[in-house]
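# Summary of structural features
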Amino acid sequence: MSIPDFEKYNQLVLDLFEKEKFEELACLYLEWGKKLLALGKLDEGCFFLTQGYVLALEHGMEETVEIYEILNNHERED
Amino acid sequence: MDVEADRDLELVRQAVEGAKGLPNNHYIDQATYEEEREVLLFNNWAGIGLGSDIPNPGDVSPVNFAGMPLLMVRNHEGDIQVFQNTCRHRGMMLVEKNCNLRGTIRCPYHSWSYNLDGSLRATPHVGGPGMNIDKHIVRKDLGLIKINTYVWRDIVFVNVSGTAPTFREYASKLLKRWHEHEQPMYHGGPVSGFNFDVACNWKLAVENYCESYHLPWIHPGLNSYSRLEDHYHIEEPGHFSGQGTLVYRQIIGDHGETFPDFKNLSKFWDTGAEYIVLFPNVMLATQRDHGYAIILLPQGPERTIERNEIFYSFDPETRPDLKALIEKNSVQWRGVLEEDLFVIEGMQKGRHGIFFDGGKFSPVMDSPTHVFHKWVGDKLHASRYGNS
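Residues numbered from 1 in each chain as written. Chains lettered and ligands numbered in written order. Predicted model: local features only at pLDDT ≥ 70, side-chain atom pairs only at ≥ 80, totals over all residues. Heavy atoms only, no water.

### So, the sheet that holds strand β5 (residues 99-100) of chain B
Residue and element names in this part refer to chain B. Across the sheet, seven strands lie side by side as β1-β10-β9-β4-β3-β2-β5; this open sheet has antiparallel pairing. Bordering the open sheet on either side are β1 (46-50) and β5, each of which pairs with just one other strand. In this structure, strand β2 (residues 59-65) lies alongside strand β3 (residues 68-74), joined through six bridges in antiparallel fashion. Residue pairing for β3: Val-60 is matched across the bridge by Val-73. (Pairing = 2+ DSSP bridges. Helix = DSSP H or I, 4+ residues; strand = E, 2+ residues; numbered from the N terminus.)

If you want it as structure tokens, here you go:
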């Protein structure tokens, strides 16, 4: 299954990893995940939301709550 | 254990008059080192670091304690807890260097994430991509392994095995002896902490610290005001040993300044000072105006890191006028403590002499050292055969 805008997002992810801008990366994953969910791509969306969730947890970000609720609503997180 | 090793330990455990010291294998042999690691260091309360290593909420500090990866954590409430520094998933070391965490401890391998209380918070993709739960992964059973932890005098003590009594019970006799100093102590800052990397077994540092017999020869500078006859033995078999002096003199600054005393001390401490090893690995000094701790971090049978840390009765941040004196005091103690290094390294070298039999104690002068040897012997014997 193809992922829309994959190349664009993937390059942004790689850049932010390289620059160790993990909070921005968490937000990018959140944006990307929500976009995919809106397109009905549940597994792909939850994959990127999970990536963002872990980084948000690590950095004590308020986005943790939002991501958790999305994942939990889709029975992807306890 | 072989018969010869048992006979050697029996000699160590005798009264000092007839006892011999621990034989060479207790200093140079890997298998004996590993046995002592379990029995002496892990089964008791050992020092591994300082609370001031992790001063802020969210600070974490990895410690290699005799090969055991530990992680000191100050949680967001300010409390200190030590964990095994190993992910419950694939055994990856979690934290490699000191840092501050605003959120969770994330394993750098598959990103299993732990709260600062050790509980497992997230298991990303554990049930497949984007599926973070799996019925076989029970998070409440997979928190970080907690190590029994207690902080006293800013020293972080751990009982790795979890089998020792509480720290306050374990150290009760020392706490009672030094109860007047049960009051706030403040680390002197970066200048008041220095390490020595010493080519010796950790026990040799303990043994040297226990006794005053060596003072006239190794610390001749002390003779002018603290002679051998001014010292006395401190012996609490099974717990600690050391030495005291009756002629402690405060260090004085270039302008006549001195450090403020701890509060409400009895007259004894005007000129009294005590230097005690709380077995197994923390060497302590208590004086009227400051004290120090030396934490021994074994790196193998023949190498030890000594962490030397000086503490005061006051917060140095509040007394910039004493900054120069703090520096002077640190230089002075560093000089004294460095004088011991060639001795403990020399004893280590000497223990490769195949005819050395553990040595003969002076019943009069070496009895605090024998108290430590007997503690070692008793612990090993009890581990091998029970408390017979």
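### Side note on the interface of chain B and chain A
Taken together, the contact pairs 16 residues of chain B with 19 residues of chain A. Counting the surface lost from both chain B and chain A, the interface buries some 1500 Å², and carbon and sulfur atoms represent 51% of this. Inspection of the chain B/chain A interface yields three salt bridges. Counting the contacts that link chain B with chain A gives eleven residue pairs in polar contact (both at pLDDT 80 or more). A class-by-class count of the residues in the side of chain B that touches chain A yields five nonpolar, seven polar and four charged. (Contact = heavy atoms within 4.5 Å. Buried area = accessible area lost by both parts, 1.4 Å probe. Salt bridge = Lys/Arg side-chain N within 4 Å of Asp/Glu carboxyl O. Polar contact = N/O pair within 3.5 Å; in protein donor to acceptor, adjacent residues only side chain to side chain. Nonpolar A, V, L, I, M, F, W, Y, C, P; charged D, E, K, R; others polar.)

### With respect to the pairing of strand β13 (residues 231-236) of chain B
Residues and elements named next belong to chain B. One ladder, built from six bridges, connects β13 with strand β14 (residues 240-245); its direction is antiparallel. Of the residues in β14, the one forming a bridge with Tyr-232 is Gly-244. Between β13 and the antiparallel strand that follows it, β14, lie three residues; Gly-238 among them carries a positive phi value of about 90 degrees.

### Section: the packing of aromatic side chains
What the rule picks out here adds up to 26 aromatic pairs over all chains. Here Phe268(B) and Trp269(B) contribute two aromatic rings whose centre-to-centre distance is 5.0 Å and whose plane-to-plane angle is 85 degrees, an arrangement assigned as edge-to-face. Judged by its relative accessible area of 35%, Phe268(B) falls in the partly exposed class. Here Phe372(B) and Trp375(B) contribute two aromatic rings whose centre-to-centre distance is 6.1 Å and whose plane-to-plane angle is 20 degrees, an arrangement assigned as stacked. Taken together, the residues span about one helical turn, with Phe372(B) and Trp375(B) both in helix α11 (residues 367-385) at a distance of three residues. Each member of the pair Phe372(B) and Trp375(B) is classed as buried. Aromatic ring contacts, followed pair by pair, group Phe6(A), Tyr9(A), Tyr29(A), Trp32(A), Phe47(A) and Phe48(A) into a single cluster. The positively charged end of Lys8(A) is found above the aromatic ring belonging to Tyr9(A), 4.8 Å away from the centroid. Across from the ring centre of Tyr27(B), 4.6 Å away, lies the NZ or CZ of Arg351(B), which sits over that ring. (Phe/Tyr/Trp six-rings, centres within 6.5 Å; stacked < 30°, edge-to-face > 60°. Buried < 20%, exposed > 50% of the residue type's maximum accessible area, 1.4 Å probe, protein only. Lys NZ or Arg CZ within 6 Å of the ring centre and 35° of its normal.)

### Digging into the sheet that holds strand β8 (residues 120-122) of chain B
Strand order in the open sheet made by the three strands is β6-β7-β8 (chain B), with antiparallel pairing throughout. Only two strands of the sheet have a single partner each, and these edge strands are β6 (105-106) and β8 of chain B. Sheet analysis places strand β7 (residues 113-114) of chain B next to β8(B), joined by two bridges and oriented antiparallel. Opposite Tyr114(B), over in β8(B), you have Leu120(B) as the bridge partner. Contacts between helix α3 (residues 42-58) of chain A and the sheet are confined to β6, β7 and β8 of chain B, with β8(B) contributing the most and set at about 135 degrees to the helix. (Axes fitted to C-alpha atoms, helices over the stretch in contact; angles between N-to-C directions.)

### Observations regarding the nonpolar core
Counting residues in each nonpolar core, the largest one holds 88 residues, and the members touching the most others are Ile48(B), Phe65(B), Leu284(B) and Tyr292(B). Of the residues that make up this core, three or more belong to each of domain 1 (55-151) and domain 2 (171-378) of chain B. Among the nonpolar cores identified, the runner-up in size contains 23 residues, and Leu28(A), Leu36(A), Leu55(A) and Ala56(A) belong to it. (Core = buried A, V, L, I, M, F, W, Y, C linked by side-chain atoms within 4.5 Å. Domains from an automatic or database assignment.)

### Some details on the confidence of the model for chain A
The predicted coordinates should not be examined in detail at positions where pLDDT is low. Put simply, chain A has an average pLDDT of 94, and 99% of its residues get 70 or more. The spread of mean pLDDT over the elements of chain A runs between helix α1 (residues 6-18) of chain A, the lowest at 92, and helix α4 (residues 63-73) of chain A, the highest at 98. (pLDDT = per-residue confidence, 0-100.)

### With respect to helix α1 (residues 3-12) of chain B
Because an α-helix completes one turn every 3.6 residues, residues spaced three or four positions apart along the sequence face the same direction. All names here are of chain B. Inspection of α1 places Ala-5, Asp-6, Leu-9 and Val-12 among the buried residues, and these make up the whole buried set. Mapping the buried residues of α1 onto a view down its axis gives an arc of 115 degrees, with all of them on the same face. Looking at the packing, one finds that the buried side of α1 touches α2 (25-28) and α11. (Arc of directions from axis to C-beta.)

### Notes on the packing of α1(A) against helix α2 (residues 22-38) of chain A
All names here are of chain A. The contact between α1 and α2 brings their axes to 9 Å, and the two run at 165 degrees. As summarised for this structure, α1 and α2 are arranged roughly antiparallel, according to the angle between their axes. In terms of crossing hand, the pair formed by α1 and α2 is left-handed. For the pair α1 and α2, contact is made by Phe-6, Lys-8, Tyr-9, Asn-10, Leu-12, Val-13, Leu-16 and Phe-17 and by Phe-22, Glu-24, Leu-25, Leu-28, Tyr-29, Glu-31, Trp-32 and Lys-35, respectively. In terms of residue class, the contact of α1 with α2 is built from eleven nonpolar, one polar and four charged. (Parallel < 35°, antiparallel > 145°, perpendicular 65-115°, else oblique. Left-handed = near helix turned anticlockwise from the far one by under 90°.)

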